[in-house]
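Observations on chain architecture
Here's the letter readout for the chains.
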Amino acid sequence: YQRRVHGAAACEVTRAGHPVAPPAVMIPLVGAVPAFTILRDNAVRIANEVMKSHNTTFPFQVGTMIEVPRAAVTADQIAKEAEFFSFGTNDLTQMGCGFSRDDAATFLGEYVAKGIYEKDPFQTLDQEGVGALVKMAVAKGRSVRPKLKCGICGEHGGDAESVKFFHRVPLDYVSCSPYRIPVAMLAAAQAVIEDSA
């Protein structure tokens, strides 16, 4: 239903003569190429039906969330089919570290106090573990699709230390909660200045 509504809106804007930013359909929780292609083909079919029923066309992209470790490891295979990657770092942290956000508050403070983790990995990205998955997936994805747009969505997008890491990967964008946007913008600017120094 969501895809039909988005497609209909894009058609109406196009028919009104306004430029349309290409809608991006993001397939979540992909761990294997066939899972992505089944859902991508369904999204393309729906978009084509909507465009035909509105007698217009618009460009669109279909990409995926990289949220499970297997997707990061097989990113080169996924990038042959997906037009962009968006890293769901909250879920990737949960699955990569092997603990749930729902009960992590009961033990993560002790993990940090004992030096198991330097910081809460749900607040500041675990660069050695989860960060390595992000770097690997970007490198593998861009080895197949050099202009692959990659970004993240999640609370890590509003953490200064994490944003600087994402700049070095490099990612194309970060997305975060509205109240964290000022921190993300400042961290991104600082990362650029640090790189040019």
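As shown above, the structure is provided for reference.
Quantities reported herein were computed from a predicted structural model and do not represent experimental measurements.

Analysis parameters
- Residues numbered from 1 in each chain as written.
- Predicted model: local features only at pLDDT ≥ 70, side-chain atom pairs only at ≥ 80, totals over all residues.
- Heavy atoms only, no water.
- Helix = DSSP H or I, 4+ residues; strand = E, 2+ residues; numbered from the N terminus.
- Expected span 1.5 Å × (residues − 1).
- Buried < 20%, exposed > 50% of the residue type's maximum accessible area, 1.4 Å probe, protein only.
- Axes fitted to C-alpha atoms, helices over the stretch in contact; angles between N-to-C directions.
- Left-handed = near helix turned anticlockwise from the far one by under 90°.
- Contact = heavy atoms within 4.5 Å.
- Nonpolar A, V, L, I, M, F, W, Y, C, P; charged D, E, K, R; others polar.
- Pairing = 2+ DSSP bridges.
- Right-handed = clockwise from strand over helix to strand, strands pointing away.

The next subject is helix H2 (residues 33-53). In this model, H2 (21 residues) spans 30 Å end to end at C-alpha, consistent with the 30 Å of a helix rising 1.5 Å per residue. Burial in H2 covers these residues: Val33, Phe36, Thr37, Arg40, Ala43, Ile46, Ala47, Val50 and Met51. At the C-terminal side of H2, asparagine 55 shows a positive phi close to 55°.

Our focus in this paragraph is the packing of helix H5 (residues 89-97) against helix H8 (residues 130-144). Between H5 and H8, whose axes approach to 9 Å, the crossing angle comes to 115°. Handedness of the crossing formed by H5 with H8: right-handed. Contacts from Leu92, Thr93 and Cys97 in H5 reach Val130, Leu133 and Val134 in H8. Of the residues belonging to the contact of H5 with H8, the class tally is 5 nonpolar, 1 polar and no charged.

Moving on: the pairing of strand E3 (residues 84-88). Along a regular strand, successive side chains alternate from one face of the sheet to the other. Of all the 5 residues making up E3, 5 are buried; the element is thus mostly covered by neighbouring parts of the structure. Every second residue of E3 is oriented toward a common face, with Phe84, Ser86 and Gly88 on one face and Phe85 and Phe87 on the other, all of them buried. Note that strand E2 (residues 61-66) and E3 share 3 bridges and pair parallel. Bridge assignment links isoleucine 66 to a residue of E3, and that residue is phenylalanine 87. Bridge count between E3 and strand E4 (residues 149-153): 5 bridges; the pairing is parallel. The residue of E4 that forms the bridge with phenylalanine 87 is isoleucine 152.

Turning next to the pairing of E2. Taking burial as the measure, the 6 residues of E2 include 5 buried ones, the bulk of the element. With 4 bridges joining them, strand E1 (residues 24-27) and E2 adopt parallel strand pairing. Each residue of the ladder has a partner; that of isoleucine 27, found in E2, is threonine 64. Traced from E1 through H2 to E2, the parallel crossover comes out right-handed.

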